[in-house]
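# Architecture and fold: a report
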Amino acid sequence: MKMFSVSHKTAFVVDHCPYMAESSRQQVECDVLTKSRGQGMIPLAPVSKSLWTCAVECSMEYCRILYDVYPLKKLINYIVSDSEFHILNSWRQEDQSTHELMSALAAVGPPNPQEDPECCSVLHGLVAAVESLCKITEYQHEARTTLMDTADRVANRGRIICLTNAKSDTHVRMLEDCVQETILEQNKMAAGSDRLMSIQQCELVLVHIFPQGEDTLVSDRPKKEVSSLLTSEVHSVRAGRHLATKLNILVQQHFDLASTTITNIPMKEEQHANTSANYDVELLHHRDAHLEFFKSGDLHMAGSTSRDSGLKETVTLKWCTPRTNSVELHYCTGAYRISPTDVNSRPSSCLTNFLLNGRSVLLEQPRKSGSKVISHMLSSHGGEIFLHVLNSTRSTLEDPPSISEGCGGRVTDYRITDFGEFMRENRLTPVPESPDTEASGKPPAERAKAQLERYTRYWPMIISQTTIFNMQAVVPLANLIVKESLSEEDLLTCQKTVYNLVDMERKNDPLPISTVGSRGKGPKRDEQYRIMWNELETLVKTHVAGSERHQRVLDCIIACRSKPPEEEERKKRGRKREDKEDKAEKSINKDSEDKNWQESERLKGALERGKEEQGESEVIKDSPDSPEPLNKKPRLEEIQLPEKAKGPVSLLTMWTNRITVANSRKHQEFAGRISSVNNKAELYQHLKDENGMDVHENGKATR
Amino acid sequence: MPTVVLMDASLSMTRPVSLEQCSEELQRKNLAVAGLTMLFEHMANNYRLEFTSLVAFSSLWELLVPFTRDYNTLQEALNNLEDYDKTCLESALHGVSNVVQQEWGHACPTQVVLVTDGSLGIGKGSLRHSLQTLKGRPEDKKFPLPFPFPAKLFIMCIANAEELQMTDTMHNLEQLLQLNGGDGQIFTMEGQLCLKSVQSMFGRLIDEVYSPFPAVLRCGNLASDVQVFPRPEPVFLDEEIDPMPRHILTDLEIVGFIEIGDISSPPVMSRHLVLPIAVNKEVDDVGPGTTEEPEEETSANQQAGKIPNFCVLLHGSLKVEGMVALVQLGPEWYGMLYSQADSKKKSNLMMSLFEPGPEPLPWLGKVSQLGPISDAAENPYGEDDSKSPFPLQPKIKRSYAQNVTVWIKASGLQTDVQKILRNARKLPEKTQTFYKELNRLRKAALAFGFWELLKGVAELLERECTLLPDTAHPDAAFQLSHAAKQLKLASTGDSQYAAFDQNINPMHTDFSGGGAGM
């Protein structure tokens, strides 16, 4: 349905002339006497509704269904006509509710039978309805303002439903002519006005209501064109039940509705609480919910039945147990609001209350073949019930390659849990529209995106790429630093986190450095801290532009992170490499930066496997087949053992070394060893001292 | 989106193509086969999730290959295609309609690729005849177009436009397209009929319909190159005001995350797989592949498999947490990303597109008004995740949620009156309920102008008053006569007593304590 179709605006014109006060002659017994109390009592005489009451309650039922199915954008203007017209509401969306209309109707009251019938007419109301159709609605206004120069593309169509008691077919024709003339007149006026729109199409639906037991003076007539602007149809209906059925059919026709009957609803009996009987409930909704049935042509096969002598069709769907749970994401191709036809009957209210309590029901399409096809689901969302259409045919996306077979599918240490936490922190919430949020500039959704940007400035995807996110101690800082602004308290927490890390370093606490990707035992302790501090700096640096307090967190890190003396020494040794790295550290927020340092750290880590404490081997896995590290420089200050230079330290070597060291303490060291250079001592030095040349010659002579 | 290739196997397809520069004699059929071979090869390499079936037709039609992703089978069937008699398109289209409906139902958008030489038969059964007799057919003999499912019709003519325009063929084909709601296109060969021109024609089809849809999925600074399959189709909104087609952006930006229970099986327009792709992978040339190619590809795939990819991380966390990611597809157009599990424990990252518009799901409200939880003064999900800001409640409750009064059926009215009488007999314990029901009835009666009912119920209450047993609480009688009096006053229509928003309040009595809770 187009946005500005005839159904956008509906003007109800209800006749309020004295003859509408006449009784419909449909009597209602409202005094139902129970057997035990009925003895000897005269029951109250049955009451009967007036034509007015019938017209009002049926039109309200029309509105109720409409507002249930279309809470927005389908507008009703309710007009009552007697010696003058009374407009009970406006096109404004906030005026669109049955409560609003009932209140206004109560103020009007029933027609006054004493009023002079000569000066009363439904014509006043019809003229007012045409005038009202020319008035622009907020939706039309909005569409026109957004379209600017093509504003004339916004259509103005409408429908007038007139509930009256006409005198004859001639009288009906007179009413039609009057509407036609008024449209022409109003269109002329609208052409010269900004606030009015001329009517392009108008549907007049005249419903002639007459009391039970009388013959109608007006004949039914299907829709015909009065002019290019106006079509008209006449329905002649008995007051009471017939009128209700008629308006129910009309609301379906006017708003593309269809009917579904839910069958086999198990419901506890009022009298016998432990038994349950099956009930049926009829619902109205947009007819697209039946699209699949229409197309396949098995509308009738799907249990459709005709009632009220073929005037109305309904599709039967079966209540299905077990129920579905809310955490399941169904493939749903449409969801349509519903309205029960018999809203306050017990089966209806049982079903709607069940759904409103948050439960969902799957519905099954009855098929002759006996195969079970679940085609729909009833579910409520925030006090509104929707009929969901579920896809029941084969999917073209079946059997896709699993995500584990594609790019990145073989990586096993994704930070799934951390990203889950990230998602929880980045959940969305509705922000009420207020001038405040507009003042702050960005709409909430843009702010949500900005938050995602901040949170992901430094976000390693796999566990082995990060140290700080594997450390509980960093969490307070990591959670705060991503914030748009930091409070003084936040800053303090960040600083505390940093001090805590310094403390950890002082105590030489082990760090959860991953060895995946790096070979060997991984870096030694002070190196681990270097890696950790660098990573922390990287994280914080991406946020320093945020505020002065962010900068202060960085300052704190830079001030606190120690550069141990050994590191200074090593720096001297590997001058070139370090220089490069320092430059990289100085350059701010470069994407390549973290990769750069991570790689260089890893390389260095592999180099510096030298002295290891036993505690570390708990954290860091050793690899038995690690190759010999590159460019290893001999260390002069240590006792150099030949085995050590050759590669990984085996348990045997470690043991031998230990024993050797221990033993060496037990005896006096050989003089040769003490004076050795590079573990080599020259023998027979005294000969050289005394007669160097001889030795040389001797040597030659022996060869 | 499944594809049906509808191949003309009539005798006219065997007409030779006159070629000066080529010594070998070619039939139009050979050209058609060459074109389709190219299409199948392309699909096998770049669009391999597409289901394709092959239907051949002449005066009869036959489903040669049912829907499959096995392009070798399709190629084989195509190579073994035999020649038959005359062309009868109408029955073939019926065939296509049946084949598609049986497999995919009526909601699945389908692509029909009709390959024909443009001689569409003579006399009864010809397209010309079918089109001339469109009107006045009985219900069971309707022309198969438009199809009962959304379908695009691509007509590949093994003929050039001039040839088709000489007869009324072009006109007939255009009419066919119109019958399909204008969805589709007619392709003709440019210049001489030869292998080159047929390949260029199928090349155009491939570019328009079967080229993968590359995009970048972003979540802040995390990103992944992805392919969206099937290609998202442009969407038309309210055609009256904004008839422009809307395409989804190639930059898919995540807005934030929502729990599955909160998004709650939303209606979607279409579903698409989001497959991460390696960017630096060389674009492979379309053409006959050597035997080494697949091996290279596998090793390249293995390489790519070891590089961490954001899609895999996102998918894993969405699956574990039971959440979806809300993703922006364009201006005022959104969709959701979630983990979709196949029956065989395989799962995948899937994207569903919502209807374009600022508020696709009423229970979420306007998407542009969804902000980060840090914007809220207090975490709307609660400190322990015990609550949720969703679903949004509508401003006005629906009729079924607000205890409306409907008296269209007599039983509705009787139930309401009985409810009042039941409570009247239990006064003063039920004073509250009694007045609540009484006021509900009063309001409805006033709105409907049903003053007679007010009088009737007043009489009933007066009678109840006389029937009170001696043991009754004295308050009961007072309340009953008070209520009856008020109803009677209201039934006069006197504005002082008949105001809609006014309620009848319980009477103050000296017999307090008896539950006449005020």
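Our subject is the structure that appears above.
Every value quoted in this text rests on a predicted model; they were computed, and no experiment measured them.

With that settled, consider the overall build of chain A. Looking only at helices and strands, chain A has 23 helices and 18 strands in total. Here chain A, with 703 residues, has 49% of them falling under the buried criterion. Contacts in chain A between residues far apart in sequence, at least 24 positions, make up 72% of those at least 6 positions apart. Entry remark: accessible area of chain A is about 35500 Å², with carbon and sulfur atoms responsible for 52%.

What follows concerns the interface of chain B and chain A. Listed as interface residues are 132 residues of chain B and, on the opposing side, 127 residues of chain A. Taken together, the two surfaces of chain B and chain A that pack against each other cover about 11300 Å², and 61% of this comes from carbon and sulfur. For the interface between chain B and chain A, the tally reads nine salt bridges. The salt bridge involving Arg447(A) is made with Asp375(B); its shortest N-O contact spans 2.5 Å. It is helix H10 (residues 310-321) of chain B that contributes the most residues to the side of chain B that touches chain A, 11 residues altogether. Counted by class, the side of chain B that touches chain A contains 79 nonpolar, 30 polar and 23 charged residues. Strand direction decides the pairing type here: strand E18 (residues 428-430) of chain A and strand E18 (residues 370-372) of chain B, joined by three bridges, are antiparallel.

Take the packing of helix H2 (residues 98-108) of chain A against helix H12 (residues 431-447) of chain B next. Contact pair H2(A) / H12(B): the axes reach a minimum separation of 7 Å and the direction vectors enclose 65°. When the axes of H2(A) and H12(B) are compared, the pair comes out roughly perpendicular. Here Met102(A), Leu105(A) and Ala106(A) of H2(A) lie close against H12(B), whose contacting residues are Ala444(B), Leu446(B) and Ala447(B). Classifying every residue of the contact of H2(A) with H12(B) by side-chain character gives six nonpolar, no polar and no charged.

A word on the pattern of salt bridges. With the rule as written, the count across this model stands at 45 salt bridges over all chains. A salt bridge links Lys409(B) to Asp342(A); its shortest N-O distance comes to 2.9 Å. Placement of the pair is Lys409(B) in the loop between E18 and helix H11 (410-424) and Asp342(A) in the loop between strand E14 (332-340) and helix H8 (346-356), with the two residues belonging to separate chains. For Lys409(B), a relative accessible area of 47% translates into the label partly exposed. For Asp342(A), a relative accessible area of 25% corresponds to the partly exposed category. Among the ionic contacts, a cluster of salt bridges with common partners joins Arg424(A), Arg427(A), Glu259(B), Glu321(B) and Asp385(B).

Attention now goes to the nonpolar core. Within soluble globular proteins, side chains that are nonpolar tend to cluster in buried spots. Counting residues in each nonpolar core, the largest one holds 77 residues, and the members touching the most others are Tyr78(A), Phe434(B), Leu453(B) and Leu461(B). Among the elements that line this core, the one with the most residues is helix H1 (residues 51-69) of chain A, at 13 residues. Those residues in contact with Phe434(B) that lie beyond four places of it in its chain are Ile420(B), Asn423(B), Ala424(B), Leu427(B), Leu461(B), Leu480(B) and Ala483(B).

On to the pairing of strand E8 (residues 221-225) of chain A. All names here are of chain A. Across three bridges, the pairing between E8 and strand E9 (residues 230-238) is antiparallel. In the sheet register, Glu225 faces E9, and the bridge partner there is Thr231. Linking E8 back to E9 in an antiparallel pair, the connection comprises four residues.

With that settled, consider the packing of helix H1 (residues 28-46) of chain B against helix H7 (residues 195-209) of chain B. Residue and element names in this part refer to chain B. One can describe the packing of H1 onto H7 by two numbers: an axis separation of 9 Å at closest approach and a directional angle of 40°. With respect to H7, the axis of H1 lies oblique. Our pair here, H1 against H7, has a crossing hand that is right-handed. Note on element contacts: H7 touches H1 through Leu195, Val198, Gln199, Phe202, Gly203, Leu205 and Ile206, opposite Leu31, Ala32, Ala34, Gly35, Leu36, Met38, Leu39 and His42. Residues belonging to the contact of H1 with H7 are distributed by class as follows: 11 nonpolar, four polar and no charged.

Residues and elements named next belong to chain A. The strand order E5-E4-E1-E6-E7-E9-E8 describes an open sheet built from seven strands, whose pairing is mixed. Where the open sheet ends on each side, the last strands, each with one partner, are strand E5 (85-87) and E8. The mean inter-strand angle of the sheet, taken between neighbouring strand axes irrespective of direction, is 20°. Set on the sheet, helix H5 (residues 169-191) makes contact with strand E6 (157-164), strand E7 (201-210), E8 and E9; between it and E9 the angle comes to about 145°.

So, on to the packing of aromatic side chains. Within the structure shown, the criterion is met by 24 aromatic pairs over all chains. Measuring from centroid to centroid gives 5.3 Å for Phe419(A) and Trp459(A), while their planes differ by 85°, and the two rings are edge-to-face. Highlighted residues: Phe419(A) in helix H9 (residues 416-425) and Trp459(A) in the loop between helix H11 (444-455) and helix H12 (475-481), separated in sequence by 40 residues. The same class applies to Phe419(A) as to Trp459(A), namely buried. Their ring planes at 80° and their centres at 5.1 Å tell us that Phe434(B) and Tyr435(B) sit as a pair that is edge-to-face. Comparing Phe434(B) with Tyr435(B) shows no difference in burial state: the two are buried. Grouped by ring-pair contacts, the aromatic residues Phe419(A), Phe422(A), Tyr455(A), Trp459(A), Phe257(B) and Phe310(B) constitute a single cluster. If you follow Arg271(B) out to its NZ or CZ, it ends over the ring of Tyr331(A), 3.7 Å from the centre.

Rules behind the numbers
- Residues numbered from 1 in each chain as written.
- Chains lettered and ligands numbered in written order.
- Predicted model: local features only at pLDDT ≥ 70, side-chain atom pairs only at ≥ 80, totals over all residues.
- Heavy atoms only, no water.
- Helix = DSSP H or I, 4+ residues; strand = E, 2+ residues; numbered from the N terminus.
- Buried < 20%, exposed > 50% of the residue type's maximum accessible area, 1.4 Å probe, protein only.
- Contact = heavy atoms within 4.5 Å.
- Areas by Shrake-Rupley, 256 points an atom, 1.4 Å probe, with all protein chains shown as cover.
- Buried area = accessible area lost by both parts, 1.4 Å probe.
- Salt bridge = Lys/Arg side-chain N within 4 Å of Asp/Glu carboxyl O.
- Nonpolar A, V, L, I, M, F, W, Y, C, P; charged D, E, K, R; others polar.
- Pairing = 2+ DSSP bridges.
- Axes fitted to C-alpha atoms, helices over the stretch in contact; angles between N-to-C directions.
- Parallel < 35°, antiparallel > 145°, perpendicular 65-115°, else oblique.
- Core = buried A, V, L, I, M, F, W, Y, C linked by side-chain atoms within 4.5 Å.
- Left-handed = near helix turned anticlockwise from the far one by under 90°.
- Phe/Tyr/Trp six-rings, centres within 6.5 Å; stacked < 30°, edge-to-face > 60°.
- Lys NZ or Arg CZ within 6 Å of the ring centre and 35° of its normal.

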